[in-house]
Amino acid sequence: MDEQPKNIRFVDTTLRDGQQSLIATRMTTAEMLPILETMNNAGFYAAEVWGGATFDAAMRYLKEDPWERLRAFRKVFTKTKLQMLFRGQNMLGYKCYPDDIVETFIAKAADNGIDIFRMFDALNDLRNLESSVRAVKKAKKHAQLCISYTLSDIHTEEYYRGLIKRLVDMGADSICVKDMAGLLLPGAAAALVKDIKAITSIPIQIHSHYTSGLASLSYLTAAEAGADIIDTAISPFAMGTSQPATEVMNAALESLGYHTGLNKDALIEIGDYFKPLRDAAIESGLLSPKVLSADLSTLSYQVPGGMLSNLVSQMKAQNAEDKYKEVLEEIPRVRADLGYPPLVTPSSQIVGTQAVMNVLLGERYKVVPNETKDFVRGMYGQTPGPISDEIRKKIIGDEKPIDVAPAKLLKPGLKDAAIKVKPYKEQEEDVLSYALFPQVAEEFFKFRQAQKYQVDPAYADKENNVYPV
């Protein structure tokens, strides 16, 4: 009797997480556009093209409108779903935003072309996903909810089973195991997929990074356990701190009897297109060879690749590169102090910065940034584990942490953003860009006006902070 064919689908991350992990999201829309038609015909289940750091970086570094990029992608991707990464109440930024901004942003993202919203909370505090899920359902789009995967005494199989049940109850259309630091071991991947399959029949997607060198093996065991979709990047922007390579995983899974639906000729063409872009990034120094190697020590320090590169930059700026290993050793201690948060934006930045300060100043928590204080106050959500009274007192004194979801304490922000953006507004989406990143958006809007009207910035109306139109 013939075996039933085994199917597994691929989501391409090259245009979002692949380039974000390796070249700090510096690929321009113009560099991407020529290959999009081939990607559209390659057989991917979806292409992850938006969200994460791409929104901020487009305006800040590339002087591009992220909404224009999305609309350009949507025109070409007629056969392939478009996916974005959305940090729940943190959206695309590093703090909690009010519900009105969250809900309006999702509605506009859906209008502009997003089909699948991958939503996660850095602490797995599901209260921070409620507004997002509600908005995605209202827009009649796909709500993919994530397990932010990490390792600690708190994060047991029982913990994850409970989390999965709650994600299903929230209305997840699919579940993603989001392993941002490459911590998902092959055995754990298989066990987790089986646990999810025992609870729900909705699709399971596995997202991992090659930081520890284990992601490809974990993808294979996850597939054998019944995972439906895996995240990969085309080979020039794969491996290292990015995802496993699409071509490699396709060949491996096909050899095991899986049907992937991918067009091999298209994959070759896509790979050939991106090789010169990768080589140029290496030559310019934008792509460091350091992020292309696998490092098993990530299982000890649990530091995602993007966080590693930030740490190196911070240590260089302080002329303290010799303290790098001390900082790596301090990170797990700070993480334990702060209730074992998964290290993903924004918790990774908070833990990493605090660890750097603890080491450089020679005294733990001698200086505490406002972000760490807010974290302990509960302004990012409820931590997976408790924060001791001793640590809490050291960081916020006698203050009492909040006992409600952070968004409950935030006033609506959309009307205020609309007023402030009025001198620059060219589209409704500009209000949202400003609401998320006021300073970055304002600088971009000024640049856009200067370009559009060919105004020399020297002639700007500095008093009113606008360009003449």
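Anything mentioned here points back to the structure above.
The model shown is predicted, which means the values in this text are computed figures rather than measured ones.

So, how was this worked out
Residues numbered from 1 in each chain as written. Predicted model: local features only at pLDDT ≥ 70, side-chain atom pairs only at ≥ 80, totals over all residues. Heavy atoms only, no water. Helix = DSSP H or I, 4+ residues; strand = E, 2+ residues; numbered from the N terminus. Rg over C-alpha atoms; globule rule 2.2 N^0.38 Å. Buried < 20%, exposed > 50% of the residue type's maximum accessible area, 1.4 Å probe, protein only. Contact = heavy atoms within 4.5 Å. Axes fitted to C-alpha atoms, helices over the stretch in contact; angles between N-to-C directions. Parallel < 35°, antiparallel > 145°, perpendicular 65-115°, else oblique. Left-handed = near helix turned anticlockwise from the far one by under 90°. Nonpolar A, V, L, I, M, F, W, Y, C, P; charged D, E, K, R; others polar. Arc of directions from axis to C-beta. Phe/Tyr/Trp six-rings, centres within 6.5 Å; stacked < 30°, edge-to-face > 60°.

Draft legend 1. Quick peek at the overall build of the chain. Each helix and strand counted, the chain has 21 helices and 10 strands in total. Computed over the C-alpha atoms, the radius of gyration of the chain is 22 Å, within 12% of the 23 Å expected from 2.2 N^0.38 for a compact globule of 469 residues. Its C-alpha atoms give the chain principal-axis dimensions of about 80 × 55 × 45 Å. Expressed as a percentage of its 469 residues, the buried residues of the chain come to 55%. Summarising the internal contacts of the chain: among those between residues at least 6 apart in sequence, 75% fall at separations of at least 24.

Draft legend 2. Up close: the packing of helix H11 (residues 246-255) against helix H12 (residues 264-284). Their axes nearest at 10 Å, the elements H11 and H12 cross at an angle of 160 degrees. Accordingly, the angle class assigned to the pair H11 and H12 is roughly antiparallel. Crossing of H11 against H12: the hand is left-handed. Facing H11, whose interface residues are Thr246, Glu247, Asn250 and Glu254, H12 presents Lys264, Leu267 and Gly271. Across the contact of H11 with H12, the residue classes break down as one nonpolar, three polar and three charged.

Draft legend 3. Structural context of unusual backbone geometry. In the segment running from Thr345 into Pro346, the intervening peptide bond is cis, with an omega of 5 degrees. Along the polypeptide, Pro346 turns up in the loop between helix H15 (324-337) and helix H16 (347-360). Not every positive phi belongs to a glycine, and Ala24 is a case in point at roughly 55 degrees. For Ala24, the position within the fold is in the loop between helix H1 (14-23) and helix H2 (29-32). By relative accessible area, which is 36% here, Ala24 ends up partly exposed.

Draft legend 4. Just helix H17 (residues 370-377), in detail. Listed as buried for H17 are Thr372, Phe375 and Val376. The arc that holds the buried residues of H17, viewed along the axis, is 95 degrees, so those residues lie on one side. Buried positions along H17 lie against H16 and helix H18 (389-396).

Draft legend 5. Looking closely at H1. With nine of its 10 residues buried, H1 lies for the most part within the structure. Burial in H1 covers these residues: Thr14, Leu15, Arg16, Asp17, Gly18, Gln19, Ser21, Leu22 and Ile23. Ala24 sits one or two residues past H1 and shows a positive phi near 55 degrees.

Draft legend 6. Representation of the packing of aromatic side chains in the model. Under the defined criterion, the tally for this structure stands at 16 aromatic pairs. When the centroid spacing of 5.8 Å and the interplanar angle of 20 degrees are considered together, the rings of Trp50 and Phe105 count as stacked. Note that Trp50 is positioned in strand S3 (residues 46-51) and Phe105 in helix H6 (residues 99-112), a separation of 55 residues in sequence. The pair formed by Trp50 and Phe105 is uniform in burial state, with each residue classed as buried. An angle of 55 degrees between the planes, with centres 5.1 Å apart, marks the rings of Trp67 and Phe105 as tilted. Taken together, the residues Trp67 in helix H5 (residues 66-76) and Phe105 in helix H6 connect sequence positions 38 residues apart.

Shape descriptors only; they carry no functional weight alone.
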